[in-house]
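# A closer look at the structure
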Amino acid sequence: MNVLVWRSLIRYPHRCMCTVTGSSSQVCHNNLYLQITMNVLVWRSLIRSPHRCMCTVTGSSSQVCHPLNYLDGQRVDPKCTQTFDLREPATGKSLRFVASSNEEDVDMAVRSARREFKAWKKFSGFERGNVLKKAANIIRMRSEELARTEVLDTGKPIYEARMDIAGCADTVDYYGGMAAGISGEFLQLSNGNFNYTMREPLGVVGGIGAWNYPFQMATWKSSPALACGNTFVFKPSPFTPLTAVMLGEIYKEAGLPDGCYNVIQGEGETGALLGNHPDVNKMTFTGSVPTGTKVMEACAKGIKHVGLELGGKSPCIIFNDSNLDNAVSGAMMANFFTQGQVCSNGTRVFVQNSIMGPFIAKIVERTKNMKIGNPNHEDTKVGATISEEQAMKVLAYVDIAKKEGASVLCGGERVVPEASLSGGYYMSPCILVNCEDHMTVVKDEIFGSVMSVLGFDTEQEVISRANDTEFGLAAGVFTNDLKRAHRVASELEAGSLYVNNYNVYPVGVPFGGYKKSGLGRENGPEALDLFTQVKSVYVEMGDVEAPF
Ligand SMILES: C[N+](C)(C)CCCC=O
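Remember, it's a predicted structure, so these values are computed and weren't measured experimentally.

Each helix and strand counted, the chain has 19 helices and 27 strands in total. Considering the chain as a whole, with its 548 residues, one finds that 56% of them fall into the buried category. Within the chain, contacts between residues at least 6 apart in sequence are counted, and of these 72% link residues at least 24 apart. Surface accessibility of the chain: about 22300 Å² in total, with carbon and sulfur atoms responsible for 54%.

Okay, structure coming up:
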């Protein structure tokens, strides 16, 4: 804090004290989403809590400037004073410093969840479902604010953030509807004896999310867990801490008892504390294979349930009998949402050689037309990469591809859409041709808008090449031959298959990977099995016939 800022506050008491300018005026200046107040009390509290954001924004954007841990139904500051810098991808500017949660913070969150588990598991499924259904409606009512906050955190375009939030509301609604039906089975045995099963919650579930779909991860993980009677402690990605806390407030408003849903902010160490906490019964994680391996190791040590949603290098196969415009649209959807930072992306686009020319012509033209710009603008289709580090990684892959013999048909460069966004990392979507299966860019998950186009001749050949990867998250096939579509879908080694579309996530459809892409499923009824354990009750109706 310097004297100039302090003076300007005295002159402009409505001004936020944080120094965010330009495209992120949505944080602190005049816009539809924020109303700002400042008072001396806050100034005093800043001296006491230097990791806090220097602004006090009231109302809908309290998520930016207020405490970001959520414990027992309240926003709280962690005990730990160690902080990390939260930057806005759109401008690269610092929004605030966020305090990391230490062992004590994690323990308090888990203890809160454990305490409330005793009561929450006694609610009927119908009662739990009602809370979730109310939460879904509140998400819908606050959808624009949530979407704008997601843009602030992720840099993704507003049109996409709106789609994400709408899907999240549907997911919470879906599990609200499913909760009343969670039940066991009855088995009639001989002589009037019988057995019944109960689906019981696991206890405290810990969740760790990634930065590309922050609200989706918070909702996809917490809503089925809560529907089943578990309580939840969530650690969002340190890049995107904001909307998970808003979800806590939404659940509270919907009637979720305090302590059922808690949020701890932090980096890898905080995640490890959560995964290793002895009172956590299950971990559900989305992120990279190396971190997923660590989460699984922690769960192995504690004999805990684990769900992993990891990386991918998925194939998108386009046969010469497909509708070419649909195939081009599908290949773009398979690669360019959220600046290409999507685990399920079909980044290996296999195109049957006989249609390679027309396919390339159309896709390059449409890709070049994608508007790169301010993610808050309505017509923007490509927003900002999450961080400089990620952008550099993606650019390095494009360089490696060129060195290994691939050709860039478009994109693969840093772009500055306007001067005020020069601190953000905007990249033009890239299409590579002359790719071969052994190339680094064709083997590694890049997590950026880099599509590798590969030619093929026969169905058997492409199936074998598509499956030649350690990953197995998703796969797509474009063809108008009904039998071929189902034959290829059944041969591909992946958890999520698309026929004549790609990267669509309707509510109720399970999602998850084969091979190193993960364990377990999110979304759909399958998730309910994975957040419950079966208790089997044998009932003897006669006398006990003991052999001794
Ligand atoms: C369901 N989505 C949209 C593919 C997001 C899952 C997380 C991986 O990137």
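The full set of residues close to the ligand is Asn212, Tyr213, Gln216, Met217, Trp220, Thr286, Glu309, Val342, Cys343, Ser344, Tyr505 and Phe511. In the environment of the ligand, an oxygen atom lies 2.7 Å from a nitrogen or oxygen atom belonging to the side chain of Asn212. Contact between the ligand and Gln216: a nitrogen atom at 3.4 Å from a side-chain N or O atom of the residue. Counting atoms within 2 Å of the grid points, the majority share of the ligand lands in the second largest pocket. Here the shell around the ligand takes three residues from helix 9 (residues 214-227), the largest share from any one element. Of the residues belonging to the shell around the ligand, the class tally is seven nonpolar, four polar and one charged.

Our next topic: the sheet that holds strand 8 (residues 194-201). Sheet architecture is open: three strands sit in the order 7-8-27, paired in antiparallel fashion. Looking along the sheet, the strands with just one partner apiece sit at the ends: strand 7 (186-188) and strand 27 (532-539). With strand direction ignored, the average angle separating the axes of adjacent strands in the sheet is 20°. Summarising the sheet, strand 8 and strand 27 pair through eight bridges and their orientation is antiparallel. Looking at the pairing, Tyr196 lines up with Val537 of strand 27.

Within this structure's numbering, the places UniProt gives as "domain: Aldehyde dehydrogenase" (unreviewed entry) are residues 81-537. With 40% helix and 21% strand, residues 81-537 has end C-alpha atoms that lie 49 Å from one another.

Inspection of every chain in the model, using the stated rule, returns 27 salt bridges. In this structure, the salt-bridge partner of Asp85 is Arg87, at a minimum N-O distance of 3.0 Å. With relative accessibility at 28%, the residue Asp85 sits in the partly exposed group. In this structure, Arg114 engages Asp279 in a salt bridge whose closest nitrogen and oxygen atoms are separated by 3.0 Å. Of this pair, Arg114 sits in helix 5 (residues 103-120) while Asp279 sits in the loop between helix 11 (268-276) and strand 12 (282-286), and the two are 165 residues apart along the sequence.

What follows covers empty space enclosed by the protein. Tallied over the entire structure, the rule returns seven cavities of 30 Å³ or more. When its volume is computed, the largest cavity comes out at roughly 120 Å³. Listing elements by their share of the lining of the largest cavity, those giving two or more residues are helix 9, strand 12, strand 13 (305-309) and helix 19 (526-530). Grouping the constituent residues of the lining of the largest cavity by class yields eight nonpolar, three polar and five charged.

Per the stated rule, a full pass over the model turns up zero disulfides. Residue Cys316 stays outside any disulfide, its sulfur separated by 14 Å from that of Cys435, the closest cysteine. Relative accessible area serves as the criterion here: at 0%, Cys316 is assigned to the buried category.

The alternating pattern of strand 20 (residues 430-433) places Cys430 and Leu432 on one face and Ile431 and Val433 on the opposite face, and all of these are buried. When strand 17 (residues 407-410) meets strand 20, the two strands line up antiparallel, connected through three bridges. Bridge pairing in strand 20 links Ser407 to Val433. Pairing analysis gives three bridges linking strand 20 to strand 21 (residues 450-456), with the strands arranged parallel. Considered in strand 21, the bridge of Leu432 is made with Ser452.

Rules behind the numbers
Residues numbered from 1 in each chain as written. Predicted model: local features only at pLDDT ≥ 70, side-chain atom pairs only at ≥ 80, totals over all residues. Heavy atoms only, no water. Helix = DSSP H or I, 4+ residues; strand = E, 2+ residues; numbered from the N terminus. Buried < 20%, exposed > 50% of the residue type's maximum accessible area, 1.4 Å probe, protein only. Contact = heavy atoms within 4.5 Å. Areas by Shrake-Rupley, 256 points an atom, 1.4 Å probe, with all protein chains shown as cover. Near = heavy atom within 4 Å. Polar contact = N/O pair within 3.5 Å; in protein donor to acceptor, adjacent residues only side chain to side chain. 1 Å grid on protein atoms, 1.4 Å probe; cavity = no way out; pocket = protein on both sides within 12 Å on 5 of 7 lines; lining within 4 Å. Sits in = over half its atoms within 2 Å of the grid points. Nonpolar A, V, L, I, M, F, W, Y, C, P; charged D, E, K, R; others polar. Pairing = 2+ DSSP bridges. Axes fitted to C-alpha atoms, helices over the stretch in contact; angles between N-to-C directions. UniProt positions renumbered as here; feature names shortened; annotations may be inferred. Salt bridge = Lys/Arg side-chain N within 4 Å of Asp/Glu carboxyl O. Points joined across faces, edges and corners; volume = space filled by probe spheres on them. Disulfide = S-S within 2.5 Å.

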